[in-house]
Amino acid sequence: MAMESIFFKVPPIRIMKPGSHRTRLTVSNSMASETPSFSVPAYRDPDPVSLGHLTSRDFPILHKELENGKRLVYLDNAATSQKPVAVLNALRDYYETYNANVHRGLHYLSERATNEYELARQKVADFINASSSREIVFTRNATEAINLVAYSWGLTNLKEGDEVVLTVAEHHSAIVPWQFVAQRTGAVLKYVNLNQDEVPDLEMLKNILSRKTKIVVVHHVSNVLASVLPVDQIASWAHDVGAKLLVDACQSVPHMVVDVKSINADFLVASSHKMCGPTGVGFLYGKIELLSSMPPFLGGGEMISDVFPDYSTFAEPPSRFEAGTPAIGEAIGLGAAIDYLSGIGMQKIHDYEMELVDYLYQRLRSLPELRVYGPSTNRAPLCSFNVKGIHPTDIAFLLNEQGVAIRTGHHCAQPLHRYLGVNASARASLHFYNTKEDVDDFISALMDTVSFFSSRR
């Protein structure tokens, strides 16, 4: 698909100054006397019938009005989610009322920080139904979590001729670490292609497994195709040949019920910032017997038991894998995000998003010369697409002028885009705080954009 990019110079879009009729972010000025909080006036929708209408009021940024009079339509949720007031307040509360290092002090601030940090770990464990909080390792993000498994488990267990099975639809963060490990160990990476429905071919995956397979690394939900893999079945197939399963759950944990016991995954990773939590923190779930057998990933403070001049002994998991001062406030913010999501209910979120993405998919499919990638049914809440003859960057550029935020590029999935025969795609991705009005505004802006380019051919 040959596409050339056209660029336009347009005035920058600025946020309306305070005083607009739409909701805005406000911060108390009484910093010295009390803990300020973010407040959001009541949403003015006359008939808030959907989950999106009911929850969008909790997200200050969604109520920005742009200088050109357009409202912000945020459809880049697969890249990062917006943050509710509860998370903003949790971060502020930590830094203003009990900021201290964890596990290292007997004073009040340290004890409270430690308790809240470990409570956040327990919340993650409960959220994904782990057996124990000891199976949850806080990391900087899901990328670091995958690297931890690759370097700690992979370098210890893989040897020349062993096989790592992936799909062509994996995120770069699930590919590159295993390339490094394969180069150092002589292991071989084997890839599963797509079937005619543009989802990873499960029959090919099942047939490619053998006693040489040592680990299977797959996404739960594709960040490009919106396909949802039956990771519980894949776990069973992997275990039948003695292999482990690592699940990239970055695009599933924020949108559906994820139960690691039901899946029977050996490892699972996710990022806070995609599930309404802060950036800078993610987590690794690992079965405790596996984590206990793995050497440290990084060395330093906190991960040791004893240090001598010529050797050290190491703490038990999860401390073994959390060297140095962690992202304390961010982990606490993740805990607040989990409280918020749990208060809504993950099944409720999933059901609403399935209805919303079906509406988005059908509206996109109705447009001429537009191709949506991935399956036609059972889609996760995103659509990656291309319009014939128009570069996706140009689409996003003009959509942005109209207040619509989407993502373009290869979405950290270059092997997949090459397989699909394109260099890039545009992607609109939803979350539970989006509405059908958001979709309608996006489609209207997209139609205007396509018309603009068509008139210049």
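Relevant structure appears above.
Everything in this summary refers to the structure shown in the same document. The numbers attached to residues start from 1 for each chain and follow its sequence in the written order. Reporting of local features is limited, given that this is a predicted model, to residues whose pLDDT is at least 70; pairs of side-chain atoms are given and counted only at 80 or more, and all residues count toward the totals for whole chains, interfaces and linings. Each side-chain value is worked out from all heavy atoms of the structure, with water and hydrogens disregarded.

Quick word on the sheet that holds strand S5 (residues 163–167)
- In spatial order, the strands read S4-S10-S9-S8-S7-S5-S6; together these 7 strands make up an open sheet with mixed pairing. Lying at the two open borders of the sheet, with one neighbouring strand each, are strand S4 (136–139) and strand S6 (188–192). Pairwise comparison of adjacent strand axes, ignoring direction, gives a mean angle of 20° for this sheet.
- At least two DSSP bridges between two strands are required for those strands to pair. Under the scheme used here, helices are H or I runs from DSSP no shorter than 4 residues and strands are E runs no shorter than 2 residues, and both carry numbers assigned from the N terminus. Strand direction decides the pairing type here: S4 and strand S10 (residues 282–286), joined by 4 bridges, are antiparallel. Directly across from Ile-136, in S10, lies its bridge partner Tyr-285. To obtain an axis, a line is fitted to C-alpha atoms, over the contacting stretch when the element is a helix, and the angle between two such axes runs from 0 to 180 degrees between their N-to-C directions.

Topic: the environment of Leu-51
- Tracing the sequence through the fold places Leu-51 in helix H1 (residues 51–56).
- Put simply, Leu-51 and Ile-344 are 293 residues apart on the chain and 9.1 Å apart in space, counted from C-alpha to C-alpha.
- With sequence-adjacent residues up to four places away left out, Leu-51 is seen in contact with Ile-344, Lys-348, Ile-349, Tyr-352 and Phe-432. Contacts are assigned to residue pairs that have any heavy atoms within 4.5 Å of one another.

Considerations on the packing of aromatic side chains
- Two aromatic rings, drawn from Phe, Tyr or Trp (for Trp, its six-membered ring), form a pair once their centres lie within 6.5 Å of each other, and the interplanar angle then sorts them: stacked below 30 degrees, edge-to-face above 60, tilted otherwise. Following the criterion strictly, the structure yields 12 aromatic pairs and no others.
- Plain terms: the ring middles of Phe-308 and Tyr-311 are 4.8 Å apart, the flat faces sit at 25° to each other, and that makes the pair stacked.
- Only protein chains enter the accessibility calculation, which uses a 1.4 Å probe. A residue is then buried if its area is under 20% of the maximum for its type, exposed if over 50%, and partly exposed in between. By relative accessible area, which is 39% here, Phe-308 ends up partly exposed.
- Tyr-311 gets classed as partly exposed once you look at its relative accessible area, which sits at 45%.
- For the ring pair Phe-452 and Phe-453, a centre distance of 5.4 Å and an interplane angle of 85° mean the geometry is edge-to-face.

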